[in-house]
Structure formats: structure tokens, C-alpha cells
Amino acid sequence: MFLTLSSARIINFLCWRFAVQDRSNKHGSLKYSSDKVMRSTIRIVCELLLIIAVLKQHSNPTGLFCFRQHKDSEINCSWTPSSNTLNINEYTFYLEEEDGKKLFTVNTHLTSVILKRKDLSAGKSYTAWVEANNARLSSSEFTIEDIVKPYPPANVSAIPALDDPTIIMIEWTKPTNLDLFPGSNFQFELQYRLADQKNWTEVSHDEIEVQAISYCLEELQPFTEYEFRIRCGRDGETNKKLWSDWSSVIKAMTLEANPDGVLDVWFMQRRLGSITLLWKPLEQHQARGIIRQYSVSEGDGKEMSKVTNITSCNISLSENTRHVNVTAYNSVGATEPAKLNLVKGQPPVLNLSTLNYNDEIQVCWKAPPRKVLEFVVEWSNMNLPEHQPEWKKIPALKECMALRSGVLQPWIPYKVSVYTRYESGLGGAVSSIVYKEEGVPLTGPTAKIYNITQTSATLTFEAIPLNLCQGFILYYTLYYIKSPQEDSRQKVLNISSALHSFMLSNLEPASTYKIWMTASTIKGESKSGSHLKFKTQASHTVIWKQIVLVLVILASILLCIIVGKCCFYQRIKSLGSFLIPQWCCQKIPDLEVIRTRLQQNLITPDHFGTIENDPEVVKVEETVTLVPQTTSNSLTLKETESLYTEDMLRENIPTQNGETCTDQDIELEEKPVSTKVPGKTCITSGYEKHYVPSPDELLEDEWQLDRKEQWLGLEEYQQ
């Protein structure tokens, strides 16, 4: 073990001497150039021998490593268990001197132990190893002088060069924990990268002088932020575990430089009378500073406008503009003018095609026969027509471009156009609609119905709005069902997406139908659109049948009304005659009037009106016995009754001279019989005979028997 450690030190010393001589020759020795091949060979051999010696010295399959931070610090020894000893719960750590004397035996459940500095002596070589289950896991040989791990370099800073935007000077100070070891020199390693990047670029310790405190990093990008870190180790130390940790990361930015490259300029036309000139901002490595303004000028060199601190790189121009130049400026300089010829009418591309392949869209075309400067592929979101399009310029030798994942979004229609650029102008656009990924439509079409007949109806429907399609519509589906027969089987018809109207036939007359429509893409069928109902016309036979049926119903209703009215009237009359006395249905003269007139002149009451038509005269023969007159001119009850009865049944007969007749003028053989009160004239009552009840009939009513004389008016008369 001692021989191995000595051999490693000798090889390490030789390699260090060779490295120093190699650096000195590199910085001015002419002899180095002539012996370059030989020295390179020796250097390679030296490094291989050193690697073999180190591997033999530190042959520890589980990585036993011992170090300390400064001269008087404790020694920390740690190891990593191998994969086949993960179930071991206890380890035994051994430490012995070079002569085989064991100093420590430590049992631990951990994977590290700490040794006190006072228990070890300087200048001695020690061997440490770890056992588990009586099997050695790892071992290491060291001296306490060789295992000191330095602190990271301190006060690290980065300063951009004032005269060159591609240089940054890195400065630091050496660690102080090895100052107590005489002859200790440091070697350094430097790493840098673009800010916020993952991978580091390393500057080897061979490129940085021993004991250096600064390094000049060249060939950086102007106006670019970088990150730096540095570490150190004892000169000649090849075990990276004994190098210091990396310092904290610092950042610095190079200075501005003249912009590099040319602006990518394009245009769009949204309304008549003007065009919008577009250009993309320069990338940082092209801008090489802050772009403060853009200059847009016409083709004759006359400056048209300037824009500073612009966030949207566009400007509106007249539709008559033919040539434009656009230049970008930073604080140091300007780019070369980007030129665009807007003269139209040149030949377009041929045979444009698109293909979805491996999550990207391949756009291909065939170049026209004329010489082309370049092609421009433009794509825009058709759901957002007001947004600016994206574009990419393709060299004239290529005839395909891939719109890769992340450029297009799924379920959104994009309009892809290809232009040709010539020295003399632009070729017309050839366009196509593409989807990165298709989906199911969000709704179905809305139909309208007109021209409804007995067995057919015409439907019209508009295309689904583009933002609701989510793919290419392959066909529409029409569903219809006879209503309200819910158990009827619905019928389905597929309609070409190129149609906007359809005649639905083979319907039943005078029937109600319910219809709705859906749309389908390659991904499936949409939800239904609005539901509509309509009714077909009735046939002529059905119409006449309906008319006849209506007429029969109306006639039946009218007949029922007439018959019902008559039957109802007779029924009411019959019921009334059964429940109401007979006198309630007869027209009875006013008793007061009769009584008054009888008292005055013993004449027939006036309410026995004059008969309009003379009743038929019936000749009767009757013997009349004349009653002698009394001095009191009073009548007996019997005479009064006879007089009233005859006056009720006879007419008033006028004489030739217009006077009423007296009882002496009556001829019984040819005239109706009447009774006359002596000394009184006869007056016709005018009441129809068949309406006048006889005195006997009147006297038969029970309610009149008690007051018969008063009703007849005889009571007062006699008085």
C-alpha cells in the first residue's frame, strides 16, 4: 500500500512538472512547436499512469472517502452502501497505520464516522476500510496532509469589457484554509452558460494558470446575459472529491453591438384602401441590444415614418404602395434594410396539398416554371380573423414545410396560404383550410320548412358556423318522426354537406311530423339542432268527407235544438197544468172594472173588448118573459144574473139610424138572444165568447162561492 501511494505521488509530481513546462512553452517557447507531437504523447501516457495509480489507491467499490477542511479540523469519512448490502443494519469501520497497527474499530448504523485530529499524526499513512457481515465493503489510503479539501474561491465577480461586447473578465480570490500548508498551490476550473439554461460549458484547469485570480472569457454573444461559477483544488490533485465545492453563481451581461441580420417583413390586407405592413422583432442574438425604433421608407428611399418603443411591429400603408424598406435601430447601429416588393400579378405555386402526419401538418406545393426568390407560407386562425397571421419564408429549393406541434391548436380551422416572391413582385396566394386535430361539432344545423304538401315538405338549412364545426363536416343527418305517436319509429336520412336544401317525401297527408338535424365529422356526430314541427296538407277526399261530416253534425245539432225546444215547452206546459190550478192559465177580466160598470149602468165591463171579427151568429129560439117594471128600478138577483149572462153572449146590434136598439126592437126569431135591463141601452162588450166563462163556471170555483154576490157587484147594487 505504501508503494502504491508513493508511485501515485511520483506520477502526480511528474505530470505537474510537465504541465508547467507545457504552459510556459505555450506562451512563448519556439521549441514547443517542434516537439509538439512527442510532448503530447508523453502527456497522454503520464495521465493514464496517474489514473491507474489513483484508481488503485482509492479502490473502494462503495466510495469510502475521507477529508477535512483545514489543518486542525476533524476527519470525516463516509461511504455509500452497495446495492447488495441494503439490508445490513450495522457497519464496522476500521482504521490502522501503515505498519498494520489498528487504531480504531467503530460499530455504527450510519454511513459515516468522524475522527478526531489529535488521534492522527502528520506524515503518517493510514488505511481505512468498512466491513459488514465480516465482508469488506470498501477501503481507502490517505495522509492527513493530502485529504484537506479547500474552500470555494471567494469574491467572484464578472465585469464586461468596455471596448469589446464579446468579452467578460472573471475575477476571484484564493481560499485561505490551505495557507498553513507550505507550498500549497491552487488550480481552478470555470463554468459558464446562458442565463436560465441547463447545461454548462467548462473551461478546464489546464487553460487557467495555477494561482490565477482572474480569467478573460472571450467569444461571447453581445448583449447577452451569462451565468458563471468557479472552484479550485490543490495543484496536481486528480481526485475531484478533494476539490472545493462550486462557488455561488453570478450573472453578467455583455455590452450592445450593431444589430445583426435583416428584419422579416410581410403584409396583410383586411379592408379595401389600405394594407398593413408587418415584421417580426429580431431575436436577442440578432438585435444585440435594445431596438429603439424602426424606420419604414418607400422604395425611392424617402422616409415615410418612424416608430419608437413599439410593441406591435406593424404600420398601415396606402394600397398603392409598391416598394417598402424597413430598418431596425439600437443605441449602437442599425440593421440592413429589409425590402419587400408588393407588386402583384406574378405566377402562383401549383398543386398545393396538406397532409396530417405524426402530429404535424405537411404543406407541399410545386414551384412555377419561373425563377423564384423564395416562398412564403402563411397561416391564420379563421376563428379570429382580426388577428395578425403567422408566416415563414422558405428557400426557393424547397417545396414543403412542416407545421409542427405547438404551432397550431387542435379543433381550430386554419387558413394556410402559399405565396411566391420574385424580384418583380408577388405571386397570388393559393390557400387551403387545415385542422391539426378534428373534433365533434358543437351543434347541428338549424332547418326551416316551406312548400308543405300532402306528402312532402322542403327543408332549407345553413352551414354550421365555422367556430362550431371543429372539423370538416362530412354529412348531415336528418331525423323525423310522426307526432304525437311517440311510439312511432324515427326515420333517418344522411344528406351531403354540399347541399343547403332537401325535399322530404313519402309523408302521410294531414299528419304532424317532428324533425331535427345533426352534423358529423371524422370524430363523430354532433348534438341535435333545434327541433321543428309541421303538418302536411289533407287530401281532397278527406276534405269532402270532413265537409259532409261537419254539415251532418250541424244539421243534427239544429234538429236537436228545434225538437228539444218543442218537447221542452210541452213538457213544461204539461207539468204546469198538473201542478197549477186551471184558473191560473185563463185570462180573467178585472173584477173592479166589472163591478164599477155594473153599479153604474149594469153594463158589460169594458175589458171585454170589441171582437175584431163578428162571431158566427147562432139562431136560437127562446121564450122571453117580460118582467114588469118596478118603480124602484131595482132588479132581483135572478134577473140580474139572467141579464149578465145574455149580455155576455150577444152582440150589440145597431139600428138603421145609428142608435142602439131597445128591448122593444129586438126580433127574437132572427137575432141572438139577449137580456136587457129596463130603461138601459145595449152596448157591445167586444170580448170573444170562447174566452168568457159562464156564470155557472165562475160560480163553480170554490174560492168564489163565499163572496159570489160581492164579485158579481150585486151586493152594493141591492143596497
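Residues numbered from 1 in each chain as written. Predicted model: local features only at pLDDT ≥ 70, side-chain atom pairs only at ≥ 80, totals over all residues. Heavy atoms only, no water.

### Overview of the overall build of the chain
So, point 1. Each helix and strand counted, the chain has 12 helices and 37 strands in total.
So, point 2. Counting across all 719 residues of the chain, residues that qualify as buried make up 38%.
So, point 3. Pairs at least 24 residues apart make up 65% of the contacts formed inside the chain by residues separated by at least 6 positions. (Helix = DSSP H or I, 4+ residues; strand = E, 2+ residues; numbered from the N terminus. Buried < 20%, exposed > 50% of the residue type's maximum accessible area, 1.4 Å probe, protein only. Contact = heavy atoms within 4.5 Å.)

### Here's the deal with the nonpolar core
So, point 1. Ranked by size, the top nonpolar core spans 26 residues in total, and within it Leu263, Val265, Trp266, Leu277, Trp279 and Leu340 carry the most contacts.
So, point 2. When residues of this core are traced back to their parent elements, those giving at least two are β15 (264-268), β16 (274-280), β17 (293-298), β19 (314-318), β20 (323-329) and β21 (338-341).
So, point 3. When neighbours within four sequence positions are excluded, Trp266 is seen to be in contact with Thr276, Leu277, Leu278, Leu340, Val376, Glu378, Trp391, Tyr419, Arg421 and Leu426.
So, point 4. Counting residues in each nonpolar core, the second largest holds 22 residues, with Cys66, Val113, Leu115 and Leu137 among its members. (Core = buried A, V, L, I, M, F, W, Y, C linked by side-chain atoms within 4.5 Å.)

### Re the sheet that holds strand β5 (residues 112-115)
So, point 1. Pairing in this open sheet of 3 strands is antiparallel, and the strands run β1-β2-β5 from one edge to the other. At either margin of the open sheet sits one strand with a lone partner, and together these are β1 (65-67) and β5. With strand direction ignored, the average angle separating the axes of adjacent strands in the sheet is 15°.
So, point 2. The sheet contact formed by strand β2 (residues 75-78) and β5 spans 4 bridges and is antiparallel. Residue Ile75 lies in a different strand from β5, and its bridge partner there is Leu115. (Pairing = 2+ DSSP bridges. Axes fitted to C-alpha atoms, helices over the stretch in contact; angles between N-to-C directions.)

### Structural notes on the environment of Leu272
So, point 1. In this fold, Leu272 is placed in the loop between β15 and β16.
So, point 2. Among the residues examined, Leu272 registers a relative accessible area of 79% and is labelled exposed.
So, point 3. Linking Leu272 and Ser318, residues 46 residues apart in sequence, is a C-alpha distance of 9.8 Å.

### Observations concerning the pattern of salt bridges
So, point 1. Under the definition given, this model contains 11 salt bridges.
So, point 2. A salt bridge links Lys240 to Glu189; its shortest N-O distance comes to 2.7 Å. Residue Lys240 is found in the loop between β13 (225-234) and β14 (250-253), and its partner Glu189 is found in strand β10 (residues 186-194); the two are separated by 51 residues along the sequence.
So, point 3. Of the charged contacts, one joins Glu508 and Lys482 as a salt bridge, the two residues approaching to 2.3 Å between their closest N and O atoms. Residue Glu508 is located in the loop between β34 (501-504) and β35 (512-521), and its partner Lys482 is located in strand β32 (residues 475-483); the two are separated by 26 residues in the primary sequence.
So, point 4. The network of salt bridges with common partners includes Glu189, Arg231 and Lys240. (Salt bridge = Lys/Arg side-chain N within 4 Å of Asp/Glu carboxyl O.)

### Topic: the state of the cysteines
So, point 1. Within the structure shown, the criterion is met by 2 disulfides.
So, point 2. Linked covalently through their sulfurs, Cys66 and Cys77 form a disulfide whose S-S length is 2.1 Å. On the sign convention where negative means left-handed, the S-S torsion of about 115° between Cys66 and Cys77 marks this disulfide as right-handed. Of this pair, Cys66 sits in strand β1 while Cys77 sits in strand β2, and the two are 11 residues apart along the sequence. For the pair Cys66 and Cys77, one class covers both residues: buried.
So, point 3. A sulfur-sulfur separation of 2.0 Å characterises the disulfide bridge that pairs Cys364 with Cys400. For the disulfide bridge between Cys364 and Cys400, the dihedral angle about the S-S bond is near 115°, and by the sign convention the bridge is right-handed. One end of the pair, Cys364, is in strand β23 (residues 360-366); the other, Cys400, is in strand β26 (residues 400-403), and 36 residues separate them in sequence.
So, point 4. The exposure class assigned to Cys364 is buried, which follows from its relative accessible area of 19%. (Disulfide = S-S within 2.5 Å.)

### Here we look at a nonpolar patch on the surface
So, point 1. Residues Trp544, Ile547, Leu549, Val550, Leu551, Ile553, Leu554, Ile557 and Ile561 make up a contiguous nonpolar surface patch of about 910 Å² in total accessible area.
So, point 2. Take Trp544: its relative accessible area is 60%, and that puts it in the exposed class. (Patch = residues over 30% accessible without salt bridge, like charges linked within 9 Å, V, L, I, M, F, W, Y side chains within 5 Å. Areas by Shrake-Rupley, 256 points an atom, 1.4 Å probe, with all protein chains shown as cover.)

### Notes on the confidence of the model for the chain
So, point 1. Residues at a pLDDT of 70 or more form 67% of the chain, whose mean pLDDT is 76.
So, point 2. Across residues 1-8, where pLDDT falls below 50, the model places 13 contacts with residues more than four positions away in sequence or in other chains. (pLDDT = per-residue confidence, 0-100.)

### Some remarks on the side chain of Glu360
So, point 1. With respect to the helices and strands, the residue Glu360 is situated in strand β23.
So, point 2. Among the polar contacts listed, one links the side chain of Glu360 to the side chain of Gln362, at a separation of 3.0 Å.
So, point 3. A distance of 3.0 Å separates a polar atom in the side chain of Glu360 from a polar atom in the side chain of Arg404.
So, point 4. Setting aside chain neighbours within four positions, we find Glu360 in contact with Leu355, Ala402, Leu403 and Arg404. (Polar contact = N/O pair within 3.5 Å; in protein donor to acceptor, adjacent residues only side chain to side chain.)

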